[in-house]
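The chain contents come next:
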Amino acid sequence: MIGAPEIRPRTPEVVRDRDALSAIRDRMPGPVAVVMTMGALHDGHAALLRQARARAASVIATIFVNPLQFGPAEDLGRYPRTLPADLDVCAREQVDLVFAPTVEAMYPTGQPEVRVQPGPRGEILEGAFRPGFFSGVLTVVSKLLHLTRPDVTFFGEKDYQQLMMVRQMVTDLSMDVEVVGVPIVREPDGLALSSRNAYLSADERKVALALSAALKAGVRAGSAGGDAVLAAARKVLADVSTVDVDYCELTDPALGPPPQSGPARLLIAAKVGSTRLIDNMAVTLGPER
Ligand code: PAF
């Protein structure tokens, strides 16, 4: 009997500077996929890498904690850095090349003067609470696209606004790459996987379930319309006094104003202790057809 092909871990090449990346990239068979990460890889990243592997002849993973996207009061210093474990994940997911540059390799002249300007949709939601965040993200994504020259790139829907902003940048700046969104991976109890979950104590982890519970309550209220969705989600959050909500908002799938009926997106950001978490779900508004 012919079974499923055996998946063998493949030790990826690891490079830390741009010249080494470029030399290997030149010899890579296409199509080439890139998955950009800040490390601390979990099953959500593995899902991105798996989709990349299924689509492309060559897979590059980038691992770089990008200082440009952290505000002065944010967690750049304590962001988890777990390169050996990350390389194991990359080997399991059959990544061909890991680009894990130093800050100096990415920003050889220091903080870049020229940066990508995210535009109005970068000012709402995350952008309103994290000034400069999307400019930092889009600047590094743009640089990594130039350096890795992929045909296709994969971004998680967990960072939904980021995915939308990357799509917009690729369209507006005529970048020749396909952007694929990958659904959120959740723990069995609903918690969306995130590198920042590592900061949560056992008690905080229980509290953090309020985010996915609020989203599910909102989704269930979808047939009654947008106001009902927001009321249901906000009630779940309000009932958990230890969740400090930054926003719980409903938009259309492209982050514009929510429609009366049809597809929409419910997005939440909240702090649990000192950890800021984000999550979102698709919602269908209006009577079921
Ligand atoms: O989603 C992330 O991990 C980061 O924002 C990204 C896209 C790797 C850019 O630093």
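Residues numbered from 1 in each chain as written. Predicted model: local features only at pLDDT ≥ 70, side-chain atom pairs only at ≥ 80, totals over all residues. Heavy atoms only, no water.

Thoughts on the side chain of Thr148
- For Thr148, the location among the structural elements is in helix 6 (residues 133-148).
- A distance of 2.6 Å separates a polar atom in the side chain of Thr148 from the backbone oxygen of Leu144.
- Ignoring anything within four residues of it in the chain, the contact list for Thr148 reads Leu21, Arg25, Val34, Ile60 and Thr62. (Helix = DSSP H or I, 4+ residues; strand = E, 2+ residues; numbered from the N terminus. Polar contact = N/O pair within 3.5 Å; in protein donor to acceptor, adjacent residues only side chain to side chain. Contact = heavy atoms within 4.5 Å.)

Thoughts on helix 6
- Helix length check: helix 6 (16 residues) gives 22 Å between terminal C-alpha atoms against 22 Å at 1.5 Å per residue, within 8%.
- Most of helix 6 is tucked away: 14 of the 16 residues are buried.
- Positive backbone phi, at 50 degrees, marks Arg149, one or two positions downstream of helix 6. (Expected span 1.5 Å × (residues − 1). Buried < 20%, exposed > 50% of the residue type's maximum accessible area, 1.4 Å probe, protein only.)

Some points on the pattern of salt bridges
- Going through the model one piece at a time under the given rule, you end up with 17 salt bridges.
- The partner of Glu13 in a salt bridge is Arg27, with the nearest N and O atoms 3.9 Å apart. With Glu13 in strand 1 (residues 13-15) and Arg27 in the loop between helix 1 (18-26) and strand 2 (32-37), the pair connects residues that are 14 residues apart, well separated along the chain.
- A relative accessible area of 40% means that Glu13 is categorised as partly exposed.
- Put simply, Asp96 and Arg53 hold a salt bridge, and the shortest N to O gap is 3.0 Å. With a gap of 43 residues between them, Asp96 in the loop between helix 3 (83-92) and strand 4 (97-99) and Arg53 in helix 2 (residues 43-55) connect regions that are remote in the sequence. Neither residue differs from the other here; Asp96 and Arg53 are each classed as buried. (Salt bridge = Lys/Arg side-chain N within 4 Å of Asp/Glu carboxyl O.)

Looking at the sheet that holds strand 7 (residues 243-251)
- Pairing within the open sheet is antiparallel, and its 3 strands lie in the order 7-8-9. Each edge of the open sheet is held by one strand with a lone partner, namely strand 7 and strand 9 (275-285). Neighbour-to-neighbour, the strand axes of this sheet turn through a mean angle of 15 degrees, independent of strand direction.
- Bridging between strand 8 (residues 262-272) and strand 9 involves 11 bridges; their strand directions are antiparallel. (Pairing = 2+ DSSP bridges. Axes fitted to C-alpha atoms, helices over the stretch in contact; angles between N-to-C directions.)

Nothing here speaks to function; it is all geometry.
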